[in-house]
Number of protein chains: 2
Amino acid sequence: MELKVYCDRMSQPSRAILIFCKTNGLEFEEVKIEIGKGQHRSPEYAAEVNPMKQVPAIVHGDFKLFESHAILIYLASAFPGVADHWYPADVRKRAKVHSVLDWHHSNLRRGSVGFLFNTVFAIAFGMHGDPKAAAEGEKLLLASLATIETFWLQRDAPFLVGNSKPTIADLALVCEVMQLEMGDENDRQRILGPHKKILKWIEDVKSATAPHFEEINTILHPARERLKQLKAEATEKSE
Amino acid sequence: MELKVYCDRMSQPSRAILIFCKTNGLEFEEVKIEIGKGQHRSPEYAAEVNPMKQVPAIVHGDFKLFESHAILIYLASAFPGVADHWYPADVRKRAKVHSVLDWHHSNLRRGSVGFLFNTVFAIAFGMHGDPKAAAEGEKLLLASLATIETFWLQRDAPFLVGNSKPTIADLALVCEVMQLEMGDENDRQRILGPHKKILKWIEDVKSATAPHFEEINTILHPARERLKQLKAEATEKSE
C-alpha cells in the first residue's frame, strides 16, 4: 500500500514528516506541492488530498489525513518498523508526548508563525507585515523558548520531558525552531543565542536523525537568501 | 489510585473533562481552581499541579498532566471501563480524532477565545477588549463553524468524521461552542443560528452524555448574567 506525502520543504511540519519517514526507513513518495505557486489552493488538491488546502497531508492507500501531529502519530502507529521511543506505547509516556504537542499549537508554533510571517514572509510575497502582530509573535516565541529551556528540557536528559531518545514531539518542535533560519540571522542569534539547552537539543535531534535532518534542511539557507532578496526588492519599490 | 481533576467550570475544556469523567463513571475528585480569583496563578498550584498555571490539569497518583486534549486521551486510555468509541483503538479511526483535535487548536478554539475574550471577558474583568482582535476572532470562529457544518459533520452521521457515537473530539468541540452561551445572546443566535447540523450535533452530544452535560453546563446562564452585569458596570464607570 503506497504512502504519499504531500508537502513543501519550505514548511516546517512538512520537513518534520519527511525527516521522520526517512529516519525510520518508511517507503513513501514525496509529492511536491509548492505553496509559493499556490498549488495547495488548487481544486484538485482540495478534492483529492486535503480539503483544508494546506500542507503537509498524506494519502495511504484509500486513507487520507491532514494535521502534521496527527500524521506523525499515525505513521508511528501504522508502520510496525518504527522504534517505540518515537511514540511510546506506555500510556503515561505517550500522554507526555501529547501534552507537548498540544502545548506547541498555542505557544511555540503560534509565536514562531506570527513572528516570521510578519517579519519575513508577508513582505516577500507582496503583503504588508503587521508590526504589532510581529511583536506579539516575538513575545510568545520568546516565552515559549524560555519554557522549553527551563521546563520541557528537564534535568540533563537530551530530549523533551526527560527522555533519552527523541519522540515525534522533539522532531515537530525542533523543525519549528529551525524555521528561524529563514529569517534575519541577527534576529535568530538574538532569539536563540541565550538558550544553550535548546541549541544542544537541536544538535541532538540532528544526530539522532542523521543524515536526513541536514539533507531535508538544506533548503533553509537558499530560502533565506531568496526571501532577503524579495524583501529588498519590495522595500526598494515602496521607496 | 486517586484521580484529581483541577478545574473551573467557567472554562470550556474543564467542562469537557468533567462531563467525560462523569459519563464514563470514573471515580475522581473535582478540585475547584477559581480563575476569577487567580487561584491558577498561585505558586502552590504551579509547583504541585500545573507549571503552566492553567486549568484543567489532573493528578493521578504520582502522575501529573495538563493540556485538555492530552488529558482526555489519557483518561480514555488509562481507565479500562471507557467504551472504545470515545477514543477508538483502530489506528485510522484514532488518527481522524487526532486530526480534528489538532485542527481545533488553530481554528475553532482560537477563533472562539479571541472573540469571547475581546467582547465579554476582558471588559468584565477591568481590561480593554481589542475590537480588531474581536473581529479577527469572529472571522475565524465563523469560518471554523462553517467547516464543522460542511466538512467535519459528514453525510448524515450525528457525530464528527461520520461516526455514529461520540469521540472525545465531539466533546471538546461542543464544549467550545457552548461557551458562546456566556456571551451576548444575539451574537450567539446570529453566529450559530444558520448552522442546523451543528445545533443538532450539540443536542446529540447532550443526549449521549445525559444527564451530566446539562448538569455541568448549568453554570453558563448565571455566568452570562454576571458577565453582562460586570460589563454594564464597567461601561457606566467609563462614561
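This text follows the structure it describes.
Since the structure is predicted, the reported quantities are computational estimates derived from the model, not experimental observations.

Q: What am I meant to see in the sheet that holds strand E3 (residues 57–60) of chain A here?
A: Taken in spatial order, the four strands of this open sheet run E2-E1-E3-E4 (chain A), and their pairing is mixed. Each having just a single partner strand, strand E2 (29–32) and strand E4 (63–66) of chain A make up the two edges of the open sheet. Averaged over all pairs of adjacent strands, the angle between their axes in this sheet comes to 20 degrees, without regard to strand direction. The pairing of strand E1 (residues 3–7) of chain A with E2(A) spans four bridges and is parallel. When the bridges of E2(A) are listed, Val5(A) appears paired with Glu30(A). Where helix H4 (residues 91–124) of chain B meets the sheet, it contacts E3 and E4 of chain A, and its direction lies at approximately 25 degrees from that of E4(A).

Q: Any chance you could explain the interface of chain A and chain B here in plain terms?
A: Put simply, an interface is often sized by how much accessible area is lost when its parts join up. Every contact between the two is made by 34 residues of chain A and, on the other side, 34 residues of chain B. Carbon and sulfur atoms supply 61% of the area buried between chain A and chain B, which totals about 2,700 Å² over both sides. Its largest share of buried area at the contact with chain B, chain A owes to Met52(A), Arg92(A) and Asp102(A), together 22% of the area lost on that side. Linking chain A to chain B there are four salt bridges. Ionic pairing is found between Lys132(A) and Asp130(B), a salt bridge with its closest N-O pair at 3.3 Å.

Q: Which parts of the structure should I look at to understand the packing of aromatic side chains?
A: We describe a pair of aromatic rings using the distance from one ring centre to the other and the angle between the two ring planes. Tallied over the entire structure, the rule returns 14 aromatic pairs over all chains. For the pair Phe20(A) and Trp86(A), a centre-to-centre distance of 5.6 Å together with 80 degrees between the ring planes defines the contact as edge-to-face. Linking Phe20(A) in helix H1 (residues 12–23) with Trp86(A) in the loop between helix H3 (68–78) and helix H4 (91–124), this pair joins segments that are 66 residues apart in sequence. Pair check on accessibility: Phe20(A) and Trp86(A) agree, each one buried. Taking 4.9 Å as the distance between ring centres and 35 degrees as the angle between the ring planes, the aromatic pair formed by Phe63(B) and Tyr74(B) counts as tilted.

Q: What is the right way to look at the pairing of E3(A) in this model?
A: Sheet faces and side chains relate simply in a regular strand, where the side chains alternate between the two faces. All names here are of chain A. Judged by which residues are buried, E3 turns out to be covered on both faces: Ala-57 and Val-59 on one side and Ile-58 and His-60 on the other are all buried. Bridging between E1 and E3 involves four bridges; their strand directions are antiparallel. From the neighbouring strand, Lys-4 faces E3, where its bridge partner is Val-59. The sheet contact formed by E3 and E4 spans four bridges and is antiparallel.

Q: Looking at this structure, how should I read the nonpolar core?
A: Within the largest apolar cluster, 152 residues are counted, with the highest numbers of intra-cluster contacts made by Leu75(A), Trp201(A), Leu75(B) and Trp201(B). Contact partners of Leu75(A), with chain neighbours within four places excluded, come to Leu3(A), Ile17(A), Phe20(A), Cys21(A), Leu26(A), Ile58(A) and Val82(A).

Q: Looking at this structure, how should I read the pattern of salt bridges?
A: Two side chains that carry opposite charge are able to pair once their charged atoms sit near each other. All chains considered together, the criterion is met by 34 salt bridges over all chains. With a shortest N-O distance of 2.9 Å, Asp187(A) and Arg190(A) are connected by a salt bridge. Of the two residues, Asp187(A) and Arg190(A) are both situated in helix H7 (residues 185–192); the distance of three residues between them amounts to about one turn of the helix. Here Glu181(B) ties to Arg188(B) by a salt bridge, and the two come within 3.7 Å at their closest N and O atoms. Across this residue pair, the class does not change: Glu181(B) and Arg188(B) are buried.

Q: Sorry if this is basic, but what is going on with the side chain of His98(B) here?
A: By the element assignment, His98(B) lies in helix H4. Classification of His98(B) by relative accessible area gives buried; the value is 4%. Not counting residues up to four positions away in its chain, the partners in contact with His98(B) are Ala70(A), Ile73(A), Tyr87(A), His98(A), Ile73(B) and Tyr87(B).

Q: What is the right way to read the layout of surface pockets from this model?
A: If a probe as big as a water molecule is rolled over the atoms, it shows which places are left empty. Of the volumes computed, that of the second largest pocket is approximately 310 Å³. As for the second largest pocket, its lining consists of 20 residues, of which Lys96(A), Gln154(A), Val161(A), Phe63(B) and Lys64(B) are closest to the centre. Those elements that place two or more of their residues in the lining of the second largest pocket are H4 and helix H5 (131–152) of chain A together with helix H2 (43–48) and strand E4 (63–66) of chain B.

The rules we used
Residues numbered from 1 in each chain as written. Chains lettered and ligands numbered in written order. Predicted model: local features only at pLDDT ≥ 70, side-chain atom pairs only at ≥ 80, totals over all residues. Heavy atoms only, no water. Pairing = 2+ DSSP bridges. Helix = DSSP H or I, 4+ residues; strand = E, 2+ residues; numbered from the N terminus. Axes fitted to C-alpha atoms, helices over the stretch in contact; angles between N-to-C directions. Contact = heavy atoms within 4.5 Å. Buried area = accessible area lost by both parts, 1.4 Å probe. Salt bridge = Lys/Arg side-chain N within 4 Å of Asp/Glu carboxyl O. Phe/Tyr/Trp six-rings, centres within 6.5 Å; stacked < 30°, edge-to-face > 60°. Buried < 20%, exposed > 50% of the residue type's maximum accessible area, 1.4 Å probe, protein only. Core = buried A, V, L, I, M, F, W, Y, C linked by side-chain atoms within 4.5 Å. 1 Å grid on protein atoms, 1.4 Å probe; cavity = no way out; pocket = protein on both sides within 12 Å on 5 of 7 lines; lining within 4 Å. Points joined across faces, edges and corners; volume = space filled by probe spheres on them.

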